Amino acid sequence: MMKFVCLLLMLLPLGFLNYFWLVQFMWMMTTFLFMLNFSFNYAHMYISYMFGLDLLSYLMILLSFWICALMVLASQKIFYTGFWSYLFIFVLVMMMISFLLAFGSLNLFTFYIFFEVSLIPTLMLIVGWGYQPERLQAGIYLLFYTLIASLPMMISIFYYYSLYGTLEFYFMEKELGEVIIYLCMNLVFFVKAPLFFVHLWLPKAHVEAPVSGSMILAGVMLKLGGYGLMRMMVVFLSVGVTTNYFFIGLSMIGGVIISLVCIRQSDIKSLIAYSSVAHMGMAISGILTLNFWGMSGALMMMVAHGLCSSGLFCLANLNYERVLSRSLYLNKGMINLIPSLSLWWFLFVSSNMAAPPSLNLMSEIMLINSIMSYDFMNMLVLMMLSFFSAAYSLYLYSFSQHGKVYFGLYSFSTGNLREYLLLLLHWFPLNVLILKGELMCLWL
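Analysis parameters
- Residues numbered from 1 in each chain as written.
- Predicted model: local features only at pLDDT ≥ 70, side-chain atom pairs only at ≥ 80, totals over all residues.
- Heavy atoms only, no water.
- Helix = DSSP H or I, 4+ residues; strand = E, 2+ residues; numbered from the N terminus.
- Rg over C-alpha atoms; globule rule 2.2 N^0.38 Å.
- Lys, Arg positive; Asp, Glu negative; His and termini not counted.
- Charge placed at Lys NZ, Arg CZ, Asp CG, Glu CD.
- 1 Å grid on protein atoms, 1.4 Å probe; cavity = no way out; pocket = protein on both sides within 12 Å on 5 of 7 lines; lining within 4 Å.
- Points joined across faces, edges and corners; volume = space filled by probe spheres on them.
- Core = buried A, V, L, I, M, F, W, Y, C linked by side-chain atoms within 4.5 Å.
- Buried < 20%, exposed > 50% of the residue type's maximum accessible area, 1.4 Å probe, protein only.
- Contact = heavy atoms within 4.5 Å.
- Phe/Tyr/Trp six-rings, centres within 6.5 Å; stacked < 30°, edge-to-face > 60°.
- Salt bridge = Lys/Arg side-chain N within 4 Å of Asp/Glu carboxyl O.
- Axes fitted to C-alpha atoms, helices over the stretch in contact; angles between N-to-C directions.
- Parallel < 35°, antiparallel > 145°, perpendicular 65-115°, else oblique.
- Left-handed = near helix turned anticlockwise from the far one by under 90°.
- Nonpolar A, V, L, I, M, F, W, Y, C, P; charged D, E, K, R; others polar.
- Expected span 1.5 Å × (residues − 1).
- Bend = angle between axes of the 7 residues up to and from the residue.

What about the overall build of the chain?
When you go through the chain residue by residue, the secondary structure sums to 19 helices and two strands. Its C-alpha atoms give the chain a radius of gyration of 21 Å, within 12% of the compact-globule value 22 Å for 444 residues. In terms of principal-axis extent, the alpha carbons of the chain reach across some 65 × 55 × 40 Å. When the 16 positive and 14 negative side-chain charges of the chain are each reduced to one mean point, those points stand 13 Å apart.

Pasting the structure below:
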């Protein structure tokens, strides 16, 4: 674990010397080095200090490495304009270290600390490199939603320690039966995931963030919530059997409402951000069913959603850099202007609506099985969720690619190699990982 932290720290001087692409290359190399250490079983490995990996941690850290490396690739504009590019690299490396240590923590309190630390670089990214003046408000939303929800968690962590004298995940088998502690401990994860009703910070943060901020929010930040819930459900098995029913219902019905909100969006980024809430609602429901398929399906959904949403935000940014607007009314008829990007839009939108052979399909099949086995009545909501998911995905594709071209456009390039490489590196793992889908089921 520590060797990867040291490798990341080595990137800091390169960033300050303004070797932007060298940092990106080194980051990719670090990602492939990390891949060589793949955990093919559920046992913990690389245990050092209070950090170590099991398969769940490993997949989340690998996703973080991959998305962070692609963030540098997506942020060419920052490098060319020279807009504090060395500070940008510094913020990204600090963010990656906080994710590495949060997902690698074997102790609940150290996980909590790094969970909170990851907020600061994200806030700097949104406020420092965002586009509109409203980014300050979006940053405050992000900060206060998470901080207000996380204070009860800190108190309940101390309460658990006073009762049982340990906070190591490996020894946290003693159950807590109080509903109030369940709410205090898990509220911050519901906010982060996000659960419907506490999701309002997410679309705001996405819309105001630069492309790298949107990628890290969709790709990794939301996964902290799902990861925390997976780790904590062991402690709340008895209370979860009675209480989870409410939250499953809330996230399912919330997913349908959010899908309807998506169909009314005119802002491309906002639509993709709201679709994240609907997808993560399914993942939360899968975790709360407390069964094997639900947990495995949620893990798979988190990996699939991280790659798919991040890719869609990259596509939205490619349009934004050319048209200088995120409005669907101005981004019309793109198939006439940039036909090769239109293919990529189709590939990512089809993955977003869980078409084969994407990992989204496998995860949704597992989650639908899990949620149906929990309560048969969920079938009605799942039907609507699947239908509206396809509806807003097709709406996004057809509105942006077809129709009459906006004649106020200036000339622009159709696309360059860096952009196609960026999209390929999102799409390839998303559609190839389904061939080794059983790996996601090994950690339980």
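Let's talk about empty space enclosed by the protein
Per the counting criterion, the structure on display carries two cavities of 30 Å³ or more. What the largest cavity holds in volume is close to 70 Å³. Lining the largest cavity are Ser259, Ala278, His279, Met282, Glu364, Leu382, Leu385, Ser386, Ser389 and Tyr392. Elements with a minimum of two residues in the lining of the largest cavity: helix H13 (268-288) and helix H18 (378-401).

Things to note about the nonpolar core
Ranked by internal contacts, the top residues of the largest apolar core, which has 163 residues, are Trp27 and Leu108. With 18 residues, the top contributor of residues to this core is helix H3 (residues 55-74). If near-sequence neighbours (up to four positions away) are discounted, Leu108 is found in contact with Met153, Ile157, Leu167, Phe169, Met172, Met185 and Met232.

Concerning the packing of aromatic side chains
Enumeration according to the criterion identifies 32 aromatic pairs in this entry. With a centroid separation of 6.1 Å and an interplanar angle of 35°, the aromatic rings of Tyr141 and Tyr145 are classed as tilted. With Tyr141 and Tyr145 both in helix H8 (residues 135-164), this residue pair falls four residues apart, about one helical turn. Judged by its relative accessible area of 31%, Tyr141 is partly exposed. Where Trp344 meets Trp427, the ring centres are 6.4 Å apart and the plane angle is 80°; that geometry is what we call edge-to-face. One end of the pair, Trp344, is in helix H16 (residues 339-352); the other, Trp427, is in helix H19 (residues 417-432), and 83 residues separate them in sequence.

Side note on the side chain of Thr122
Looking at where Thr122 falls in the secondary structure, it is placed in helix H7 (residues 119-129). A relative accessible area of 1% means that Thr122 is categorised as buried. For Thr122, the contacting residues outside a window of four places in its chain are Met95, Leu142, Leu217 and Met221.

Quick notes on the pattern of salt bridges
Counted under the stated rule, the structure contains five salt bridges. One salt bridge connects Arg326 with Asp267, and the closest N-O pair in it is separated by 3.1 Å. Note that Arg326 is positioned in the loop between helix H14 (292-323) and helix H15 (334-337) and Asp267 in the loop between helix H12 (237-263) and H13, a separation of 59 residues in sequence. Judged by its relative accessible area of 17%, Asp267 is buried. The residue Glu419 makes a salt bridge to Arg418 at a minimum N-O spacing of 3.5 Å. Side by side, Glu419 and Arg418 carry an identical accessibility label, which is buried. Because the salt bridges share partners, they merge into one network encompassing Arg322, Arg418 and Glu419.

Quick word on the packing of H14 against helix H17 (residues 359-374)
Between H14 and H17, the least distance of the axes is 8 Å, while the angle of their chain directions is 150°. On the basis of the axis angle, H14 is roughly antiparallel to H17. You can see that H14 and H17 cross each other, and the crossing is left-handed. For the pair formed by H14 and H17, the contact residues are Trp293, Gly294, Ser296, Gly297, Ala298, Met300, Met301, Val303, Ala304 and Cys308 on the first element and Leu359, Asn360, Met362, Ser363, Glu364, Met366, Leu367, Asn369 and Ser370 on the second. Looking at the contact of H14 with H17 residue by residue, the classes come out as 11 nonpolar, seven polar and one charged.

Description of helix H9 (residues 179-192)
For H9, with 14 residues, the first-to-last C-alpha span of 20 Å sits near the 20 Å given by 1.5 Å per residue. Along H9, the helix axis deviates most sharply at Asn186, where the bend reaches about 45°. For H9, the full list of buried residues reads Ile181, Tyr182, Met185, Asn186, Val188, Phe189, Phe190, Val191 and Lys192.

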